[in-house]
Amino acid sequence: MQIQLEKTLDVKVVEGQLAELWKQIAGGGTSEDDVAVLRARVANLLVFVANAEGLDEVHQMMLELTAIHPSRVLMMLGAREALDRDIEMSVESFCQTDKRTGARRLCCEEITLKAQGRFVAELPSAALPLLVSDLSTFLWWRDVVQTTDKVFSSLLRAADRLVIDSAEFADTGRDLVEIDKLFAAGSSSHVGISDLNWARLTFWRGLLADYYDVPAYQRWLDNIDHVRVDYVGPERAPETIAPQALLIAGWLASRLEWEFADEQRAHEKPQNTSFNFRGKYDRDIKLELNRVERGERKPGRLVQVELRSNAETPASFTVARSADNLHLLTEAKLGVETQRGRVLPVRNRSAAQLLSREMEILCNDQIYQAAVAMAARMIAAM
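Everything quoted here is computed from the prediction, not taken from an experiment.

## Remarks on the overall build of the protein
1) Next: Across its full length, the protein carries 11 helices and 18 strands.
2) Next: Relative to its full complement of 382 residues, the protein shows a buried share of 50%.
3) Next: Taking the intrachain contacts of the protein between residues at least 6 apart in sequence as the baseline, contacts between residues at least 24 apart amount to 71%.
4) Next: Carbon and sulfur atoms make up 48% of the accessible area of the protein, which totals about 18500 Å².

## Quick word on the pairing of strand S8 (residues 161-164)
1) Next: The alternating pattern of S8 places Arg-161 and Val-163 on one face and Leu-162 and Ile-164 on the opposite face, and all of these are buried.
2) Next: Of the strand pairs in this sheet, strand S7 (residues 136-142) and S8 are connected by 3 bridges, and their pairing is parallel. Looking at the pairing, Phe-138 lines up with Arg-161 of S8.
3) Next: Once the chain exits S7 it traverses helix H4 (residues 150-157) before rejoining the sheet at S8, and the crossover so formed is right-handed.
4) Next: Direction of pairing for S8 relative to strand S9 (residues 192-195): parallel, over a ladder of 4 bridges. Paired with Ile-164 across the bridge in S9 is Asp-195.

## Brief notes about the pairing of strand S13 (residues 272-278)
1) Next: Among the 7 residues that make up S13, 5 are buried, leaving the element largely enclosed by the rest of the structure.
2) Next: Two elements, strand S11 (residues 259-260) and S13, share 2 bridges in a ladder whose sense is antiparallel. Bridge pairing in S13 places Glu-259 opposite Arg-278.
3) Next: Both strand S12 (residues 267-269) and S13 contribute to a ladder of 3 bridges, which runs antiparallel. Each bridged residue has a counterpart across the sheet, and for Glu-268 the counterpart in S13 is Thr-273.
4) Next: With antiparallel pairing between neighbouring strands as the criterion, S12 and S13 make up a hairpin whose turn holds 2 residues.
5) Next: Pairing analysis gives 7 bridges linking S13 to strand S14 (residues 284-292), with the strands arranged antiparallel. Residue pairing in the sheet places Arg-278 in a bridge with Asp-284 of S14.
6) Next: In this structure, the hairpin formed by S13 and S14 is closed by a connection of 5 residues, where Tyr-281 is found at a positive phi of approximately 60°.

## A few points about helix H7 (residues 202-211)
1) Next: Here H7 has its buried residues at Trp-204, Arg-205, Leu-207, Leu-208 and Tyr-211. For H7, the buried positions fall inside an angular range of 165° around the axis, keeping them on one side.

## Observations regarding the packing of aromatic side chains
1) Next: Tallying each qualifying case throughout the model produces 9 aromatic pairs.
2) Next: Relative to Tyr-368, the ring of Phe-183 lies with its centre 5.9 Å away and its plane at 70°, an arrangement referred to as edge-to-face. Residue Phe-183 is located in helix H5 (residues 172-184), and its partner Tyr-368 is located in helix H11 (residues 366-380); the two are separated by 185 residues in the primary sequence. Exposure class is identical for Phe-183 and Tyr-368. Each is buried.

## A few points about helix H9 (residues 243-255)
1) Next: Under the 1.5 Å per step criterion, the end-to-end length of H9 is 18 Å for 13 residues, consistent within 8% with the ideal 18 Å.
2) Next: For H9, a buried count of 12 out of 13 residues is recorded, marking the element as mostly surrounded by other parts of the structure.
3) Next: By the burial criterion, the buried members of H9 are Pro-243, Gln-244, Ala-245, Leu-246, Leu-247, Ile-248, Ala-249, Gly-250, Trp-251, Leu-252, Ala-253 and Ser-254.
4) Next: Once H9 finishes, Glu-257 follows within two positions and takes phi at roughly 60°, a positive value.

## Some thoughts on the packing of H5 against H11
1) Next: Running from amino to carboxyl end, H5 crosses H11 at an angle of 130°, the nearest separation of the two axes being 9 Å. With respect to each other, H5 and H11 are oriented oblique. As for how H5 packs across H11, the hand of that crossing is left-handed. Contacts from Thr-172, Gly-173, Leu-176, Val-177, Ile-179, Asp-180 and Phe-183 in H5 reach Tyr-368, Gln-369, Val-372, Ala-373, Ala-375, Ala-376 and Ile-379 in H11.
2) Next: Considered class by class, the residues forming the contact of H5 with H11 number 10 nonpolar, 3 polar and 1 charged.

## Comments concerning the packing of helix H2 (residues 52-68) against helix H10 (residues 351-358)
1) Next: Remark: H2 packs on H10, axes separated minimally by 9 Å, with the N-to-C direction vectors making an angle of 30°. Of the two possible hands of crossing, H2 and H10 adopt the one that is right-handed. For the pair H2 and H10, contact is made by Met-61, Glu-64, Leu-65 and Ile-68 and by Ala-351, Ala-352, Gln-353, Leu-355 and Ser-356, respectively.
2) Next: Its residues assigned to classes, the contact of H2 with H10 shows 6 nonpolar, 2 polar and 1 charged.

Scoring rules and cut-offs
- Residues numbered from 1 in each chain as written.
- Predicted model: local features only at pLDDT ≥ 70, side-chain atom pairs only at ≥ 80, totals over all residues.
- Heavy atoms only, no water.
- Helix = DSSP H or I, 4+ residues; strand = E, 2+ residues; numbered from the N terminus.
- Buried < 20%, exposed > 50% of the residue type's maximum accessible area, 1.4 Å probe, protein only.
- Contact = heavy atoms within 4.5 Å.
- Areas by Shrake-Rupley, 256 points an atom, 1.4 Å probe, with all protein chains shown as cover.
- Pairing = 2+ DSSP bridges.
- Right-handed = clockwise from strand over helix to strand, strands pointing away.
- Arc of directions from axis to C-beta.
- Phe/Tyr/Trp six-rings, centres within 6.5 Å; stacked < 30°, edge-to-face > 60°.
- Expected span 1.5 Å × (residues − 1).
- Axes fitted to C-alpha atoms, helices over the stretch in contact; angles between N-to-C directions.
- Parallel < 35°, antiparallel > 145°, perpendicular 65-115°, else oblique.
- Left-handed = near helix turned anticlockwise from the far one by under 90°.
- Nonpolar A, V, L, I, M, F, W, Y, C, P; charged D, E, K, R; others polar.

Encoded structure:
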């Protein structure tokens, strides 16, 4: 159920229309057959998109998301490149229904604000007064990340947590560097930062870390001198390095306390970029980011991560996506011996499922922050 509003910046009008909307949903309570409908809000969710396609996509996710985190959703469409058009506002409800009876049980509200051209700058002043006080506020930013963007800065100041998805970055290098700037800026220190693409790497990081829990592997792992990360190019810019590849490389280098070897420049080839690091005991380490053919794989995803030691007895430790893309496989090769390890199913969680998990966290992930900082240094060396 949706109501288009004539006045766009009057908070009383909006709240009045929302109250009317809930009366219609509840049916006025005059019939014996009426069933109680719960109006629930445990958070504010600000969503900013740059085009109508993004608005439609997010709108479809909201029913799934609000089943877990009932929220007041403020959806903002800011078409900066379009002809000037003042803010238009509408309010809408969406309800979870009883699977058995079809009756409405849990309902949430969505307020949509659309602006074009120079009027995009006014979206924060229209949206922020509509936040419900005393609730945590999440900002899901689905546009180019720019720390100098006034719209972004205004919304960020009102948020407790910023959620981005680096898989959507149009320019991986530029956008990851902007995220690193956010971490470094004191003005945004109150805001936690989540990356849905980082969450997609949880199993990869866990399986790689598991190797370091095996005492028998330690002497080889202490002598790793080559790392290779295979990935599929991102959908929006297939010839560039996928954010997942830079994040997993940044995570490895930061967790293992590697440093750039004399700040050497990266070596770039058409499908391969390599970096030189120095590990413990002044050990030289070569890290390669290698783009492979997409095939049946999703764009922007990791294919394989291999840690290799070319010591007296060569060894390698691998986490790889299976040929059918349904599992992650681990394999350790110690000289001529091969030890096959864990097999985990790939969980292709939806963006709504990933976002719902991030809405349970308010603090910063220090490990992600360190991975981004190292990735930014790698980008600077390219």
